[in-house]
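# Observations on chain architecture
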Amino acid sequence: MTSPTTTSAATSSASLTAATLTSATNSVASTSLAVPLYRLAHSRAGDKGNRSNLSLIAHDPAYYDHLVEHITADAVARWFGYRQPAHVERYLLPTLCAMNFVLDEVLDGGVNGSLNLDAHGKGLSFWLLDMPVAPPPGFDANGDGIIEQTVD
Amino acid sequence: MPTAPFLIGSASGFSGDRTDAAGPVVDTLIARGGPAALMYETLAERTLALAQLEREHHPQGGFDPQLDDLVGPVIERCLRHDIAIIGNFGAANPPGAAQRLHDLASAQGIPDARIAIVHGDDLSGPAYRDLLRECIGPQFDDLDVVSANAYLGAEAIADALRGGAQIVVAGRVADPSLAVGPAMAHFGWAADDWERLGRATMAGHLLECGTQVTGGYFADPGFKDVPDLHAVGFPIAEINADGSCVIGKADFTGGCVDPRTVKEQLLYEVHDPARYLTPDVVADISQARVVDLGNDRVALGGVTGHARPDRLKVNVCYRGGWLAEAEISYAGPRAEARARLAADVIIQRLGPDLPVRIDLIGAVSILGDDRGDMLRGAPHGSARDVRLRVACSQHDKRQAQRIVREVTALYTNGPAGGGGVRTTLKPRLNLISCFVPREAVRSGWNMLTPGSTA
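Please read these numbers as outputs of a predicted model, since none were measured by experiment.

## Examining the overall build of chain B
Helix and strand content of chain B: 13 helices and 18 strands. For 454 residues, the compact-globule formula gives about 22 Å, and the C-alpha radius of gyration of chain B, at 25 Å, lands near that figure. Burial statistics for chain B: of 454 residues in total, 59% are counted as buried. Sequence separation of 24 or more characterises 78% of the internal contacts of chain B that already satisfy a separation of 6 or more. Looking at chain B as shown, the accessible area adds up to about 17,500 Å², and 50% of this sits on carbon and sulfur atoms.

What follows is the structure in structure tokens.
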């Protein structure tokens, strides 16, 4: 926060969720329905140095191909753009219905250099899981967590 | 070659893990009756540097400070039931830890335990300066080095067990090697049996973080529920003669082992799944499969391995200046706005020469980046209980102290209603990793001669 914005009053009641951040940065062109990724998959964050790895494991094998199609390395790189990853690599593990994302240089220097309270980036898996994704065909979203996603 | 499964229990997954972990694991190993070992993983990346600093002040110390509590409750039962104990709890002083374990066993009526010490990981001595400079580069000369340790593999552990050791005390070894060593010794695998070593390495990988495979670091209410998380049990791997394994946990404990917990831990800290590098082998889980056997047991198959790397990883820890952190809280109406104003005051007071990280705990803290891009880009919210955190890292202690003073001064000079200031200023240990040729590291083991290390 090197050039902070000073506010005399909070003008927005929005909480800082992924959806509000997304809508704050995207221009509105059209909308589509999406669900947060945690409806379809689970994830764990690991770290080595200044590199984070995020597994993404389908809750149901039936979701796997849909996840492979939508949760690409580019999409994850954009979602973590505020961390300025130098590179995002995706590895597929079809026998586990899982993917592994490796994000280079997203830990502000890692356990050594980072000033982040969570220098390991343990919480980053839940940022990934907040990513909006189109529901797979036939998915009963059942209202829970449905996001009206803006699409360029 | 034995054909029955070999059981390896995990009794610790990191420095600072629970000290009541081992009891139920050892109870289970004894009840099942087969050949078994118990492993303790207690070293995070910088634990060894802290241990080295401790040893500078207390030459007899420098091993895991919780050693008595970790091993004391089970050492007698393990020795009497032929359950080998393998741990990296030796940290910066494996001989000291071995002597301490000898004293513990003696006090419990076993004065003749055979305790082995693995040596060779410590590269902090003058003999290795040229090697480290070559691997790190000229910047090595500017580092105030505290510790330098190579990641050793399973061979010295296996050799010590084959040599009759009942307990093996190591410093830095690759975490999975703590399981690969006893499996190698038990089954008589060769050091270039890449398939079996690859499989056993992934068994060790599942064990090395303790309960992270049995429901720890996993629970997410409503999506991934874990029974009795407060009493989560530590894992036990049943290693087969071909290196494949079934992962389970201690009897009569909480937690769960299912395909989800196993997959999450299998990929934990993995980069390329086809190339998981350890000193022993390049393990390959690109075709791994898990099968739920029920009753908290999951089989891992489809793992293989390739020839081990030519080089060993070395962690070098050095003094890295000062970390200053200071916090102040705002509550009630417009709390977030007042916290943001306080941040603005701090930044204007410190000026551009002293960059700091700003967090608003209760609004955006750990997801943000050091530059503050996320916090700046986020809509200003209406959080009603917000704690401002300011942090900086500086080589000059007096510079670091400035943020402590400025945040403290917010009490009277900042926005309305600021309270609860806490500040810390502490020295930093930084880490740099490099790789050295395997042959440059001379590792081995020796049996403790009690009293010789005092």
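So much for the structure itself; the text now carries on.
## Structural notes on unusual backbone geometry
All names here are of chain A. With a phi close to 50 degrees, Gln 84 is a non-glycine residue in the positive phi region. Mapped onto the elements of the fold, Gln 84 is located in the loop between α3 (73-79) and β5 (87-93). One non-glycine residue with positive phi stands out, namely Glu 105, at about 60 degrees. The residue Glu 105 is located in the loop between β6 (98-104) and α4 (110-113) in this model.

## Focus: the sheet that holds strand β13 (residues 304-306) of chain B
Residue and element names in this part refer to chain B. One open sheet holds the three strands; their spatial order is β9-β10-β13, and the pairing between them is antiparallel. Every other strand in the sheet has two partners, leaving β9 (276-277) and β13 as the edge strands with one partner each. Here strand β10 (residues 282-284) pairs with β13 via three bridges, running antiparallel. Looking at the pairing, Val 282 lines up with His 306 of β13. Helix α9 (residues 194-207) rests against β9, β10 and β13 of the sheet, and its axis sits at about 115 degrees to β13.

## Some remarks on the domain arrangement of chain B
Along its sequence, chain B is organised into domain 1 (6-122 + 149-309) and domain 2 (316-430). Here domain 1 of chain B and domain 2 of chain B have C-alpha centroids that lie 40 Å from each other.

## Let's talk about the packing of aromatic side chains
Residues and elements named next belong to chain B. One pass over the full model with this rule turns up eight aromatic pairs over all chains. For the ring pair Phe 6 and Phe 187, a centre distance of 6.3 Å and an interplane angle of 85 degrees mean the geometry is edge-to-face. Linking Phe 6 in strand β1 (residues 6-12) with Phe 187 in helix α8 (residues 177-187), this pair joins segments that are 181 residues apart in sequence. Residues Phe 6 and Phe 187 agree in their burial class; the two are buried.

## Here we look at the interface of chain A and chain B
Each partner contributes to the interface: chain A provides 56 residues, whereas chain B provides 67 residues. Joining chain A to chain B, the criterion identifies two salt bridges. Note that B:Glu264 is salt-bridged to A:Arg44, the shortest N-O span being 3.0 Å. In this structure, the connection of chain A to chain B is made through 28 residue pairs in polar contact (both at pLDDT 80 or more).

## Focus: the environment of B:Ala335
Residues and elements named next belong to chain B. One can find Ala 335 in helix α11 (residues 335-350). Ala 335 sits 51 residues away from Val 386 along the chain, and the two C-alpha atoms are 6.1 Å apart. With residues near it in sequence (within four places) discarded, Ala 335 still touches Tyr 330, Ala 383, Arg 384, Asp 385 and Val 386.

## Quick look at the pattern of salt bridges
On inspection of all chains with the given rule, the structure shows 30 salt bridges over all chains. Here B:Arg371 makes a salt bridge to B:Asp369, at a shortest N to O gap of 3.3 Å. The class for B:Arg371 is partly exposed, based on a relative accessible area of 32%. Through salt bridges with shared partners, one network takes in A:Asp108, B:Glu325, B:Arg357, B:Asp359, B:Asp370 and B:Arg389.

## Observations regarding the pairing of strand β15 (residues 357-361) of chain B
All names here are of chain B. Counting buried positions over the five residues of β15 gives four, a clear majority of the element. Sheet analysis places β15 next to strand β16 (residues 385-394), joined by five bridges and oriented antiparallel. Residue Leu 360 lies in a different strand from β16, and its bridge partner there is Leu 388.

## Focus: the sheet that holds strand β8 (residues 245-249) of chain B
All names here are of chain B. What the ten strands build is an open sheet, ordered β11-β12-β8-β7-β1-β2-β3-β6-β4-β18; its pairing is mixed. The sheet is open, and its two edges are formed by β11 (289-292) and β18 (444-447), each paired on a single side. On average, each strand axis in the sheet is inclined to that of its neighbour by 20 degrees, with strand direction left out of account. Sheet topology places strand β7 (residues 235-239) next to β8; five bridges connect them, and they run antiparallel. For Glu 238, the partnering residue across the bridge sits in β8 and is Val 246.

Reading the values: the criteria
Residues numbered from 1 in each chain as written. Chains lettered and ligands numbered in written order. Predicted model: local features only at pLDDT ≥ 70, side-chain atom pairs only at ≥ 80, totals over all residues. Heavy atoms only, no water. Helix = DSSP H or I, 4+ residues; strand = E, 2+ residues; numbered from the N terminus. Rg over C-alpha atoms; globule rule 2.2 N^0.38 Å. Buried < 20%, exposed > 50% of the residue type's maximum accessible area, 1.4 Å probe, protein only. Contact = heavy atoms within 4.5 Å. Areas by Shrake-Rupley, 256 points an atom, 1.4 Å probe, with all protein chains shown as cover. Pairing = 2+ DSSP bridges. Axes fitted to C-alpha atoms, helices over the stretch in contact; angles between N-to-C directions. Domains from an automatic or database assignment. Phe/Tyr/Trp six-rings, centres within 6.5 Å; stacked < 30°, edge-to-face > 60°. Salt bridge = Lys/Arg side-chain N within 4 Å of Asp/Glu carboxyl O. Polar contact = N/O pair within 3.5 Å; in protein donor to acceptor, adjacent residues only side chain to side chain.

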